[in-house]
Protein chains: 2
Amino acid sequence: MGCNYAALSIVAGRLMEILGREWVISERDLIEGYLYDETPEPIRPKPAEHLVLVKPGSTKEVSLILRTANEYKVPVFTVGGRTGLVGGCIPLKPGIVLSLERMNKIEIDKMNLMAVAEAGATLSDLIRAAESAGLFFPPHPGDEGAQIGGLIATNAGGVRAVKYGVMRNYVKGLEVVLPTGEILNVGGKLLKNNTGYDLMQLFIGSEGTLCVITKAVIKLFPKSRYMVTLIVPFNSRSDALGAIPEILKSGVIPLAIEYVQLREIMRAAEHLGERWLVEEGFAQLIIIIDGVRWEEVLSACDEVSRICESHNAINVLVADSPREQNRILKIRSNMYTAIKHEVVDILDVTVPPAHLGDLMDTIDKIAAKYNVNLPAYGHAGDGNLHVHIMRDAGSMDLVEEIRREIYMAAIRLGGTITGEHGVGNIRGKSLSLALSEKHIELMRSIKRIFDPNNILNPREYL
Amino acid sequence: MGCNYAALSIVAGRLMEILGREWVISERDLIEGYLYDETPEPIRPKPAEHLVLVKPGSTKEVSLILRTANEYKVPVFTVGGRTGLVGGCIPLKPGIVLSLERMNKIEIDKMNLMAVAEAGATLSDLIRAAESAGLFFPPHPGDEGAQIGGLIATNAGGVRAVKYGVMRNYVKGLEVVLPTGEILNVGGKLLKNNTGYDLMQLFIGSEGTLCVITKAVIKLFPKSRYMVTLIVPFNSRSDALGAIPEILKSGVIPLAIEYVQLREIMRAAEHLGERWLVEEGFAQLIIIIDGVRWEEVLSACDEVSRICESHNAINVLVADSPREQNRILKIRSNMYTAIKHEVVDILDVTVPPAHLGDLMDTIDKIAAKYNVNLPAYGHAGDGNLHVHIMRDAGSMDLVEEIRREIYMAAIRLGGTITGEHGVGNIRGKSLSLALSEKHIELMRSIKRIFDPNNILNPREYL
């Protein structure tokens, strides 16, 4: 489905009445910056030609926009911070691009340890607002330009999800606008809520296909008084990964357990004009430990070091200054950026955590079979691996074949094709590898309930 | 909808072919024990007359039962451990009562820190299986006879949900059978999964109206090496409740923070033929703290004691032997049982945690207004309060009026009518107080997708 241009220009006129002329933008050069996310260029879908960008200032305005679009059956594509990796926000059909950037207020409720954030506020805004109230928003799903609405719509994960989980665990309430224009409030500042079907849980991770998220209640934590980052180099991957289940069984729950390989992490440092802190050991773990007492953090570090050493760690670097730890996180967060120009696709397959080593070994075999480079690193504590298919794979047919082999390797180990990035506009054709026909059929039926005219982020698989 | 008795007897015959005669039971006296849960007698709905009880031994058999029932449009009522408080499992129409008690296997995956449990295994089975593998299943939603399927279908909460959350946070994968007979697997041993709409999250808490849960992957934690229970008496409720946000902001995250009043907890002890440990202080907090190091637990206890003392705690009792702590938990878990014969309804209203004091003050005013006793205690760290309407309320009209006032008090404070027990067969008529008409309409549409013939746990509000 697309829409005819006549309908789009009538709707654009209506939207100008609703929002005022300044918030309805038709000039392509002003829209251009809203049409792409971080999906690698070789597989990035091409945005449609005829688009109108709107920037509402309130939930009421979002409701009027959707009501109008629904009336004329004009597609609406919600964009957040455009940091996604599966083209989820790229508008593939003529229609309306909806940016919530003006709706970016954050209130902190110190007594209930919660934030109420509008969807257009960024991750960076939330981190800073929490901090200035003496509180802490633990997860760190990469780019801090991501917006709250997008983080929730994609159920973002990232590093620092080992201890308190992914975005879903933090969302306690949502204000959303349905494609038909109704405003719906689900949940609240509530830690327990069993009042009817939990539509909020359905909205989280539905990639903006069921509703536009306009506001969220987000659980915060007390600020960790102490935080330490360990870098632990090993000569072998199996030693590094073998240490992880033992750490998790010891009772120490780190904020993050990341697995990186020396070559890629050094490259990320270089990309930023920095040096990586530990230049030995093929396989490295980056482990973040926090706590309320210094002795507790130290003792957890001792326990983790002891376990790593019993798995042949070369040594343990301890970073305890905030500056040094931020530098480590920044270098880690730039691993993709550093190689992006050579990347054809970045995958985020996920397996039961203890099977991560098996998955990586299989990926090595796939790399050898096709004689290509498949750099991999990831959130090892969560069993979530980023594997990159690089330009050396050659043709897109070969890329497709390699991708499919990696997907099947994950699925055979009890895993799935995407643990973080979601389906977006590029993984729909692979969904049937991981989900049954009935599952996909139920998804389609649910989509139709919420969005009878299929106007909101239309997807080819829904 | 009901079903005609001819259809039911044809189906009973078919079920005997599927399951064998011994697992299809028509004798009323053998069925009687499956027809009630823990809902107080005055508001407990009356089960239907014509019922057949079936006890399948496998998921395949569950699928055949549902397929057959769907073909003949015969209602199916799934029962678990029958520990619910809202009549959710009581079969109100002629049909099939489905008990999964024979499907009760539990496997522990030590490397991934997960259990794979069949739906008919009990909470007690799970606790023991985890323990014998050196692991820990933290939440404790009351009665240990509850079954895994029911715990998930009702998204059970209970004590010990402050640190790691309610049942939803533990469920990582489900095997379910749809009312139309298809077997669906959602999730897995996965800590991150963004592959399509998360139907698993929709099933959790949907009270068995969308599917029959047959198996679940449940996240476990390392066994806390040390656990301490504090009982802290205060002379005033506002002092006791005022300490809670400060504890939570201190960075100490207890497993549980319970609020009880002296009279009711002493009565529970007496009911068990025991004595309560602290016989002073009108308002008491029961706080459970666990950790991997003894020093860490001690220091958390110190911090909590310091905060409580600064809120005028009378003193702090520290219980550190497992025997004594189990005794405390057992007395706490029997508060409802001890007064059950006088209870007309047990509510589980929930508000933002910091507003619990306001809610309790309002409930006191309601009690004074109607000149009744409204004993209350609850999971204070979660803002979840159990308020009991007693026989002294008199007529059911008055019970209804008082209940509605309590619901409205919670809603005005940003809360909801049920944080734990769910809607079941008795709260449907109150749903519209908490949910918008559109929300309920969406629930109905979702129900129709999964269960086109409305055979599975039919509800009057769906």
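Residues numbered from 1 in each chain as written. Chains lettered and ligands numbered in written order. Predicted model: local features only at pLDDT ≥ 70, side-chain atom pairs only at ≥ 80, totals over all residues. Heavy atoms only, no water.

Asker: Help me out: how do you make sense of helix α3 (residues 59-72) of chain B in this one?
Answerer: Because each turn of an α-helix spans 3.6 residues, side chains separated by three or four positions in sequence point in the same direction. In this model, α3(B) (14 residues) spans 20 Å end to end at C-alpha, consistent with the 20 Å of a helix rising 1.5 Å per residue. Lys73(B), located one to two residues past α3(B), shows a positive phi value of around 55 degrees. (Helix = DSSP H or I, 4+ residues; strand = E, 2+ residues; numbered from the N terminus. Expected span 1.5 Å × (residues − 1).)

Asker: Can you help me understand the packing of aromatic side chains in this one?
Answerer: Each aromatic ring pair is characterised by the separation of its centres together with the angle its planes make. Residue and element names in this part refer to chain A. Within the structure shown, the criterion is met by ten aromatic pairs over all chains. Centre to centre, the rings of phenylalanine 203 and phenylalanine 450 are 5.6 Å apart; their planes meet at 80 degrees, and the pair counts as edge-to-face. Here phenylalanine 450 lies in helix α15 (residues 437-450) and phenylalanine 203 lies in helix α6 (residues 199-203), a separation of 247 residues in the sequence. The class for phenylalanine 203 is buried, based on a relative accessible area of 1%. Through a chain of ring-to-ring contacts, three or more aromatic side chains come together here, namely Phe137, Tyr164, Tyr170 and Phe221. Here the basic side chain of arginine 82 rests over the ring of tyrosine 34, its NZ or CZ set 4.5 Å away from the ring centre. When the ring centre of tryptophan 23 is taken as reference, the NZ or CZ atom of arginine 102 above it lies at 3.7 Å. (Phe/Tyr/Trp six-rings, centres within 6.5 Å; stacked < 30°, edge-to-face > 60°. Buried < 20%, exposed > 50% of the residue type's maximum accessible area, 1.4 Å probe, protein only. Lys NZ or Arg CZ within 6 Å of the ring centre and 35° of its normal.)

Asker: What exactly am I supposed to notice about unusual backbone geometry here?
Answerer: Trans is the common state for peptide bonds, and a negative phi is the common state for residues other than glycine. Residue and element names in this part refer to chain A. Positive phi, normally seen in glycine, also occurs at asparagine 312, with a value near 70 degrees. Mapped onto the fold, asparagine 312 is located in the loop between α9 (294-310) and β15 (317-319). At asparagine 457, a residue that is not glycine, the phi angle is positive and equals roughly 40 degrees. With respect to the helices and strands, the residue asparagine 457 is situated in the segment after α15. Overall, the relative accessible area of 4% leaves asparagine 457 in the buried class.

Asker: Before we go on, may I ask you to explain the pattern of salt bridges in this structure?
Answerer: Opposite charge on two side chains lets them pair, provided their charged atoms get close. All names here are of chain A. Applying the stated criterion to the full structure yields 62 salt bridges over all chains. The partner of glutamate 258 in a salt bridge is arginine 332, and the shortest N-O contact between them spans 2.7 Å. Residue glutamate 258 is located in strand β13 (residues 256-261), and its partner arginine 332 is located in helix α10 (residues 322-333); the two are separated by 74 residues in the primary sequence. In this pair, the class of glutamate 258 matches that of arginine 332, namely buried. Residues joined in a network through salt bridges with shared partners are Asp345, Glu400, Arg403 and Arg427. (Salt bridge = Lys/Arg side-chain N within 4 Å of Asp/Glu carboxyl O.)

Asker: Which parts of the structure should I look at to understand the packing of helix α7 (residues 237-249) of chain B against helix α9 (residues 294-310) of chain B?
Answerer: Two quantities define a packed helix pair, namely the angle between the axes and the distance from one axis to the other. All names here are of chain B. Viewed as axis vectors pointing N to C, α7 and α9 meet at an angle of 145 degrees, and their least axial separation amounts to 9 Å. In the crossing of α7 with α9, the sense of the turn from one axis to the other is right-handed. Residues Ala243, Glu246 and Ile247 of α7 form the contact with α9, whose participating residues are Val304, Ile307 and Cys308. (Axes fitted to C-alpha atoms, helices over the stretch in contact; angles between N-to-C directions. Left-handed = near helix turned anticlockwise from the far one by under 90°. Contact = heavy atoms within 4.5 Å.)

Asker: Would you mind going over the interface of chain A and chain B with me for this structure?
Answerer: Interfaces are often sized by the amount of accessible area the parts lose when they come together. Listed as interface residues are 84 residues of chain A and, on the opposing side, 85 residues of chain B. Contact between chain A and chain B buries roughly 6,600 Å² in total, counting both sides, with carbon and sulfur atoms accounting for 64%. For the chain A face of the interface with chain B, the top three residues by lost area are Lys192(A), Asn194(A) and Tyr197(A), together amounting to 16%. Across the contact surface, chain A and chain B share ten salt bridges. Our count for the contact surface shared by chain A and chain B stands at 37 residue pairs in polar contact (both at pLDDT 80 or more). Among the secondary structure elements, those contributing two or more residues to the side of chain A that touches chain B are β9 (183-187), α6, β11 (221-222), α7 (237-249), α9, α14 (431-434) and α15 of chain A. The leading source of residues in the side of chain A that touches chain B is α15(A), at nine residues. The residue makeup of the side of chain A that touches chain B, split by class, is 36 nonpolar, 31 polar and 17 charged. (Buried area = accessible area lost by both parts, 1.4 Å probe. Polar contact = N/O pair within 3.5 Å; in protein donor to acceptor, adjacent residues only side chain to side chain. Nonpolar A, V, L, I, M, F, W, Y, C, P; charged D, E, K, R; others polar.)

Asker: Explain the domain arrangement of chain A to me, please; I cannot follow it from the model alone.
Answerer: All names here are of chain A. Domain boundaries in chain A define domain 1 (5-102), domain 2 (106-222), domain 3 (226-333) and domain 4 (338-438). Centre-to-centre separation of domain 2 and domain 4, based on C-alpha positions: 28 Å. Facing seven residues of domain 2, the contacting portion of domain 4 comprises seven residues. Contact between domain 2 and domain 4 buries roughly 510 Å² in total, counting both sides, with carbon and sulfur atoms accounting for 40%. Among the residues of domain 2 in contact with domain 4, Gly158, Val162 and Glu207 are the three that bury the most area, contributing 64% of the side total. Here domain 2 is connected to domain 4 by zero salt bridges. Remark: the boundary between domain 2 and domain 4 carries three residue pairs in polar contact (both at pLDDT 80 or more). Grouping the amino acids of the side of domain 2 that touches domain 4 by side-chain chemistry returns three nonpolar, three polar and one charged. (Domains from an automatic or database assignment.)

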